[in-house]
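As a plain string of letters, each chain reads:
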Amino acid sequence: MKTIDLRSDTVTRPTQAMLEIMHRAETGDDVYGEDPTVNRLQSELAERLGFEAGLFVPSGTMSNLIALMAHCERGDEYIVGQQAHTYKYEGGGAAVLGSIQPQPIEFEADGSLDLERVRAAIKPEDHHFARTRLLALENTVHGKVLPLDYLAQARRFTIEHGLSLHLDGARLYNAAVKLGVDAREIALHVDSVSICLSKGLGAPVGSVLCGSFSLIDKAHRWRKLVGGGMRQAGILAAAGLYALEHHVARLAEDHANAARLGEGLAALGYAVEPVQTNMVFVDVREQAARLMPYLKEQGITVYPGPVLRLVTHLDVSSADVERVIEVFAGFRP
Ligand SMILES: *Cc1c(COP(=O)(O)O)cnc(C)c1O
């Protein structure tokens, strides 16, 4: 029996075609800036998204960390969502390693941060306070796409208040595909964006931070400091280039599969949040204790919890989705 892993879009394995490209990648020492494939990935993604420069890093966590450290100095503050990855799921890195204070604010239902609440959180110029320097947003955020006009408002707001704007775009391409726009249309509203190649795009490892030359220059120094300088990383960058070429448009399949999964589970009587991209949130509170071992027995891997987050990706086919729905249908609480 094939196991169907719905925990995250990080679980994808490189395809045969991707492995072949990796095998043939030209490499060099990237700490010396001499890996041609890394250089190509960095400049190509920066150009696609409308930035001056890009920087390849081992993980999205590192990409966000060095972005925060490049935007903020010791004693500065960033405003961020209470449930945001850059605040809650990165080990407190900005505070631990950057001496940067987070100011978390509750997300709105659509995943945005209310700009009036952000305004109220900005500290006045006064030596009692940390210096508010940066607003950090996320897109997609828990599977939801930030509206483009919200991003435009956030851009105007940050300019008005002298803040920088960083976007955790781990799933930026899911947002772009969902909106049917070029990813650049989203990225043009922010000063920096972090893209994960290892989520829906299906590369095994890596993220890219994009921004201005001066920002990426600072981030490059921090990447070295936190141990993210890799050597013949071109084998990984080749996978990223392949993913950008071949795995962007197909995200629509993941979205369609997630929508079908959501519909199927709703038809069985489960409370399912409206599905926007590749995540289905389904309330199984009542059944959780019995359902978890049952799903495991049926070869379906999920993170246990009262609300399941089911994520579709490259290694989940539409037939797999039908099977998941059948398995749920066969559950007797
Ligand atoms: C996965 C993810 C990251 C980065 O995660 P890594 O596992 O460190 O690559 C950052 N932000 C969001 C929203 C994510 O989902």
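This section reports on the structure supplied with the text. (Residues numbered from 1 in each chain as written. Predicted model: local features only at pLDDT ≥ 70, side-chain atom pairs only at ≥ 80, totals over all residues. Heavy atoms only, no water.)

## Concerning the side chain of Asp-5
- Within the secondary structure, Asp-5 is located in strand β1 (residues 4–5).
- What Asp-5 contacts, discounting residues up to four positions off in sequence, is Val-11, Thr-301, Val-311, His-313 and Val-316. (Helix = DSSP H or I, 4+ residues; strand = E, 2+ residues; numbered from the N terminus. Contact = heavy atoms within 4.5 Å.)

## A closer look at the packing of aromatic side chains
- Applying the stated criterion across every chain yields a total of 2 aromatic pairs.
- With a centroid separation of 5.5 Å and an interplanar angle of 85°, the aromatic rings of Tyr-270 and Phe-328 are classed as edge-to-face. A residue pair is termed long-range when its members are at least 10 positions apart, and Tyr-270 in the loop between α12 (251–267) and β9 (271–272) and Phe-328 in helix α14 (residues 318–329) qualify at 58 residues. As far as the burial class goes, Tyr-270 and Phe-328 line up, both buried.
- Between the NZ or CZ atom of Arg-231 and the centre of the ring of Tyr-32, over which it lies, the distance is 5.9 Å. (Phe/Tyr/Trp six-rings, centres within 6.5 Å; stacked < 30°, edge-to-face > 60°. Buried < 20%, exposed > 50% of the residue type's maximum accessible area, 1.4 Å probe, protein only. Lys NZ or Arg CZ within 6 Å of the ring centre and 35° of its normal.)

## A word on the sheet that holds strand β3 (residues 76–81)
- The 7 strands are arranged β2-β8-β7-β6-β5-β3-β4 in an open sheet whose pairing can be described as mixed. This sheet does not close on itself; its edge strands, each paired only once, are β2 (53–57) and β4 (101–105). Looking at each pair of strands side by side, their axes are set apart by 20° on average, direction ignored.
- One ladder, built from 5 bridges, connects strand β5 (residues 131–138) with strand β6 (residues 164–169); its direction is parallel. Paired with Ala-136 across the bridge in β6 is His-166.
- Sheet strands touched by helix α10 (residues 213–225): β2, β7 (192–196) and β8 (207–211). Its angle to β2, the strand with the most contacts, is close to 20°. (Pairing = 2+ DSSP bridges. Axes fitted to C-alpha atoms, helices over the stretch in contact; angles between N-to-C directions.)

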